[in-house]
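# Examination of the molecular architecture
Here's the letter readout for the chains.
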Amino acid sequence: MKRTRFLTKDEQQKLNTVDKKVNYVTDWTSAMEIFLKDCEIRGLREATSFYYVKETRMIFRYWEEQELDISPDQLTSEHITDLILYMKNKKELSPSSINIRLRAFKTVLKWLYDNKKVPINAGDGVKRLKFRRAAIEAFSVEQLRLFFNEIENNTWIGVRDTAICLVLLECGLRQNEILNLNVFDVVFEQNYIMVRHTKTYHMRKVPITDRTKNAIRRWLTVRGESKYSQLFINIAGNQLTNRGLYQLIEKYGKRAKIEGIRCSPHTFRHTCAKLYLKNGGDLFSLQAILGHMNIEQTKRYVTLNHDDVADLHADHSPLKAIWKK
C-alpha cells in the first residue's frame, strides 16, 4: 500500500507513547505554579498575575461542576470549545466575560506549550466570541462641574481629592498608574508627570497645565510625612488603594446626583479622551497621552454623541472652505 502523508492511528498512538516520555506537566496546580514563577521573573505586575490566577481558577471550577478531570497534557481544542458552550449556555455568561476568561487561559496554555510543558497548544485557533461593544459613556461638562463643586477645598481630604480628580481628567491615567505615581514623578518646571507603572511597561511623560499643577502643589503642601513615596496617600499615611480611589469618586458622584453613568476612575479616562478631541486635539497625540500601543485601542475609547458630532461639523464643515458664512 502506498504511503500517504497522513499518520495512521497506530502511528499516532506510537508517537503519543514517545511524547509521554517527555516531562509534560500532568496537573494544573503544578502548571500554574511554574507559569506564575515565570511571571514573577519577567516582572509582570501583581495585578496581572492575579488576573491569570482568578480567571483560570474559574475555569477549573467549571470543570469540577461537570465532574471533568482534564490534565494539561490531555487538553484539546474540543475541550475548550465545550468549555465555551458551558459558560455561555449553563453559566449564562456574557460574551465579554467569556472572552476575559479565555484570554487568560489561552495565555497560560501558549506559555505551557512554548516551554514544552504540554504536547499541543490547545488554545491555538480557538477564537474569542464576537459581540457588539457597548459604548462607554463619558461625563458631560455639566456633570463635571457638579462633581467638582462637591469637593470641599478647605479640608485635607478635599485638597487631595481635587488633585486626584484633576490628574485623572487631564492626564487620563489608568487606576494603577495614578495610585503608583511617586512624589518626584511630578516635574513642575517642565509641565509633565512621569508615568512609570504602566500597563504596557513603557514609561511616558504626560503634560499637565497650570490648574493641575497648582492643585498638586496645594496637595503637597498639606500631604505631610509618610513612609510611602506614593504621591497620593490616605489620611492614615498609608498607600491609597484601588478601592479607596473608586469609593472617593463614587462618593462625589452621588453627592452631585450624577445618574445614568458609572462614576469611576475609568470614566474619567474616557472623558479625558473625549474632551481632548472635542477641544481640537488629534488622535495620535491622544494615543501617546493614554499610553496605548496602537491607534485602534485609542479609537475604541472615543464615542461622540450626535450633539458632539453636530458641534464639530458646524465648526469644520467642508462648505466653509468655499463660503465663509
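This text gives an overview of the structure that appears in the document.

The rules behind the values
Position labels on residues start from 1 in each chain and follow its written sequence. With the structure being a predicted model, the display of local features is reserved for residues of pLDDT at least 70 and the display and counting of side-chain atom pairs for 80 or more, all residues being used for whole-chain, interface and lining totals. Water and hydrogen atoms were dropped before computing side-chain values, which therefore reflect all heavy atoms in the structure. Secondary structure elements are defined from DSSP: runs of H or I of at least 4 residues count as helices, runs of E of at least 2 residues count as strands, and each element is numbered from the N terminus. For every residue, the accessible area obtained with a 1.4 Å probe (protein chains only) is divided by the maximum for its type, and the residue is called buried under 20%, exposed over 50%, and partly exposed between those limits. Should any heavy atoms of two residues lie within 4.5 Å, those residues are considered in contact. Accessible surface is estimated by sampling points in the Shrake-Rupley manner with a 1.4 Å probe; for residues, cover comes only from the protein chains shown. In this analysis, strands are considered paired if DSSP registers two or more bridges between them. A pair is scored as a salt bridge if a Lys or Arg side-chain nitrogen falls within 4 Å of a carboxyl oxygen belonging to Asp or Glu. We call Phe, Tyr and Trp rings a pair once their centres come within 6.5 Å, taking the six-membered ring for Trp, and we label the pair stacked below 30 degrees between planes, edge-to-face above 60, and tilted otherwise. We define a nonpolar core as any set of buried Ala, Val, Leu, Ile, Met, Phe, Trp, Tyr and Cys residues linked to one another through side-chain atoms lying within 4.5 Å. Axis definition: a line fitted to C-alpha atoms, limited for helices to the stretch in contact. Angles are taken between N-to-C directions and run from 0 to 180 degrees. For classification purposes, an angle smaller than 35 degrees is called roughly parallel, one larger than 145 roughly antiparallel, one from 65 to 115 roughly perpendicular, and anything else oblique. Note: crossing handedness is left-handed where the near helix turns anticlockwise from the far helix by less than a right angle, and right-handed where it turns clockwise. Charged residues are taken to be Asp, Glu, Lys and Arg, nonpolar residues to be Ala, Val, Leu, Ile, Met, Phe, Trp, Tyr, Cys and Pro, and polar residues to be all remaining types, Gly included.

Within the chain one finds 14 helices and three strands. The 325 residues of the chain split such that 40% are buried. Contacts in the chain between residues at least 24 apart in sequence constitute 62% of all its contacts with a sequence separation of at least 6. Accessible surface for the chain amounts to roughly 20,500 Å². Of this, 51% is attributable to carbon and sulfur atoms.

On to the side chain of threonine 298. Relative to the assigned elements, threonine 298 resides in helix 13 (residues 295-300). Look at threonine 298 and you get buried, because its relative accessible area is 0%. Contact partners of threonine 298, with chain neighbours within four places excluded, come to Leu283, Leu286, Gln287, Leu290 and His292.

Taken together, three strands build an open sheet; the order of strands is 1-2-3 and the sheet is antiparallel. Looking at the sheet topology across the chains shown, the edges are occupied by strand 1 (186-187) and strand 3 (204-207). As paired strands, strand 2 (residues 192-195) and strand 3 are joined by four bridges and run antiparallel to one another. The partner of methionine 194 across the bridge, within strand 3, is lysine 205.

Along the chain, the position of leucine 85 falls in helix 4 (residues 77-90). Counting along the chain gives 13 residues from leucine 85 to isoleucine 98, while the straight-line C-alpha distance between them is 9.8 Å.

Counted according to the given criterion, the structure contains 10 salt bridges. Across the salt bridge formed by arginine 204 and glutamate 177, the nearest N and O atoms sit 2.9 Å from each other. With a gap of 27 residues between them, arginine 204 in strand 3 and glutamate 177 in helix 8 (residues 175-179) connect regions that are remote in the sequence. Residues arginine 204 and glutamate 177 agree in their burial class; the two are buried.

So, about the packing of aromatic side chains. Considering all chains together, one arrives at 17 aromatic pairs under this definition. Seen in terms of ring centroids, tryptophan 28 and phenylalanine 105 are 5.6 Å apart; in terms of plane orientation they differ by 50°. Their pairing is tilted. You can see tryptophan 28 sitting in helix 2 (residues 28-41) and its partner phenylalanine 105 sitting in helix 5 (residues 95-114), a full 77 residues away along the chain. Both rings, one in phenylalanine 60 and one in tryptophan 63, keep their centres 6.1 Å apart while their planes meet at 35°; by these two values the pair is tilted. On the criterion of helical spacing, the pair formed by phenylalanine 60 and tryptophan 63 is a turn pair, its members being three residues apart in helix 3 (residues 46-65). What makes phenylalanine 60 buried here is its relative accessible area of 18%. Among the residues examined, tryptophan 63 registers a relative accessible area of 3% and is labelled buried.

One recurring pattern in soluble globular proteins is that nonpolar side chains are buried together. Ile178 and Phe268 are the most contacted members of the largest nonpolar core, which has 42 residues in total. At the level of elements, helix 6 (141-149), helix 7 (156-171), helix 8, strand 2, helix 9 (210-223), helix 10 (242-255) and helix 11 (265-278) are the ones that each hand at least two residues to this core. For this core, the element with the most residues is helix 7, which contributes nine residues. Residues Phe35, Met58, Ile70 and Trp111 belong to the second largest nonpolar core, which totals 32 residues.

Helix 11 packs onto helix 6 with a crossing angle of 130° between their chain directions and a minimal axis gap of 12 Å. When the axes of helix 6 and helix 11 are compared, the pair comes out oblique. In terms of crossing hand, the pair formed by helix 6 and helix 11 is left-handed. Along its contact with helix 6, which presents Val141, Leu144, Phe147 and Phe148, the element helix 11 presents Phe268, Thr271 and Leu275. For the contact of helix 6 with helix 11, a count of residues per class yields six nonpolar, one polar and no charged.

On to the pairing of strand 2, then. Alternating positions in strand 2 separate into two faces, Tyr192 and Met194 on one and Ile193 and Val195 on the other, with burial throughout. Relative to strand 2, strand 1 is paired through two bridges, and the arrangement is antiparallel. Pairing of valine 187 across the sheet is with tyrosine 192, part of strand 2. Counting the residues that bridge the hairpin from strand 1 to strand 2 gives four residues, and of these asparagine 191 lies at a positive phi of roughly 60°.

None of this, on its own, says anything about what the molecule does.
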